[in-house]
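The residues making up each chain are set out below.
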Amino acid sequence: CRFTGRKADGDTWKMEDIAKLVHEEDRPAFKIALRDALRGESAVLKIEHRVLHSDGRWVWLETYGTVTERDAAGRALRATFGRARVCSTCSWIKS
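Residues numbered from 1 in each chain as written. Predicted model: local features only at pLDDT ≥ 70, side-chain atom pairs only at ≥ 80, totals over all residues. Heavy atoms only, no water.

A.B. asks: Can you explain helix H2 (residues 27–39)? Please cite residues and give values.
C.D. replies: The end-to-end C-alpha distance of H2, which contains 13 residues, comes to 18 Å, matching closely the 18 Å that a straight helix rising 1.5 Å per residue would cover. Buried within H2 are the following residues: Phe30, Ala33, Leu34, Asp36 and Ala37. With its buried residues spanning 165 degrees around the axis, H2 presents them on a single face. Directly beyond the C-terminal end of H2, a positive phi value near 85 degrees is found at Gly40. (Helix = DSSP H or I, 4+ residues; strand = E, 2+ residues; numbered from the N terminus. Expected span 1.5 Å × (residues − 1). Buried < 20%, exposed > 50% of the residue type's maximum accessible area, 1.4 Å probe, protein only. Arc of directions from axis to C-beta.)

So, in structure tokens, the structure goes:
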């Protein structure tokens, strides 16, 4: 997505690919929020976190979404997630 300087808008991302780019301090909370949404323990995923941009800086994003299809056992089959840039002037954050 344009916020990370990586895939084009509209391209599909796997959540494990995003998780690899999440700042190590934000990764545990990101993984818990994702797990809770996929398990149905939370109706939506909504979390602010830093992601490594292709140019080497950290950008703040909000990832949000929901599971849109589950199987008979309640396992997530399909989910829709989006990302929004939280702060376009936060390039000074180099944690």
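Back to the write-up after that little detour.
A.B. asks: Describe the nonpolar core, naming the residues involved and giving the relevant values.
C.D. replies: Membership of the largest hydrophobic core comes to 17 residues, with the highest contact counts inside it found for Met15, Phe30, Leu34, Leu45 and Val51. Listed by contribution, the elements that provide at least two residues to this core are helix H1 (15–21), H2, strand E1 (45–52) and strand E2 (58–70). Not counting the four nearest positions on each side in its chain, Leu34 is found in contact with Met15, Leu45 and Phe81. (Core = buried A, V, L, I, M, F, W, Y, C linked by side-chain atoms within 4.5 Å. Contact = heavy atoms within 4.5 Å.)

A.B. asks: Please provide a residue-by-residue account of the environment of His49, values included.
C.D. replies: As for its position among the elements, His49 is in strand E1. When its relative accessible area of 0% is taken as the criterion, His49 is described as buried. Taking the C-alpha atoms as reference points, His49 and Val22, separated by 27 residues in sequence, lie 6.9 Å from one another. A polar side-chain atom of His49 sits 2.6 Å from a polar atom in the side chain of Thr63. (Polar contact = N/O pair within 3.5 Å; in protein donor to acceptor, adjacent residues only side chain to side chain.)

A.B. asks: Quick one: what's the story with the pairing of E1, residue by residue and with numbers?
C.D. replies: In terms of strand pairing, E1 meets E2 through eight bridges, oriented antiparallel. Bridge pairing in E2 places Glu48 opposite Glu62. Taking the residues that link successive antiparallel strands as the turn, the E1-E2 hairpin has five residues, and the phi of Gly56 there is positive, at about 100 degrees. (Pairing = 2+ DSSP bridges.)

A.B. asks: An account of the pattern of salt bridges is needed here, citing residue identities and associated values.
C.D. replies: In the structure shown here, the tally under the stated rule is eight salt bridges. Asp36 is the salt-bridge partner of Arg35, the closest N and O atoms lying 3.0 Å from each other. Here the salt bridges do not stand alone but share partners, grouping Glu25, Asp26 and Arg50 into one network. (Salt bridge = Lys/Arg side-chain N within 4 Å of Asp/Glu carboxyl O.)

A.B. asks: An account of the side chain of Arg57 is requested, with residue identities and associated values reported.
C.D. replies: On the secondary structure map, Arg57 appears in the loop between E1 and E2. Classification of Arg57 by relative accessible area gives buried; the value is 19%. In this structure the side chain of Arg57 is engaged in a polar contact, spanning 2.8 Å, whose partner is the side chain of Asp55.

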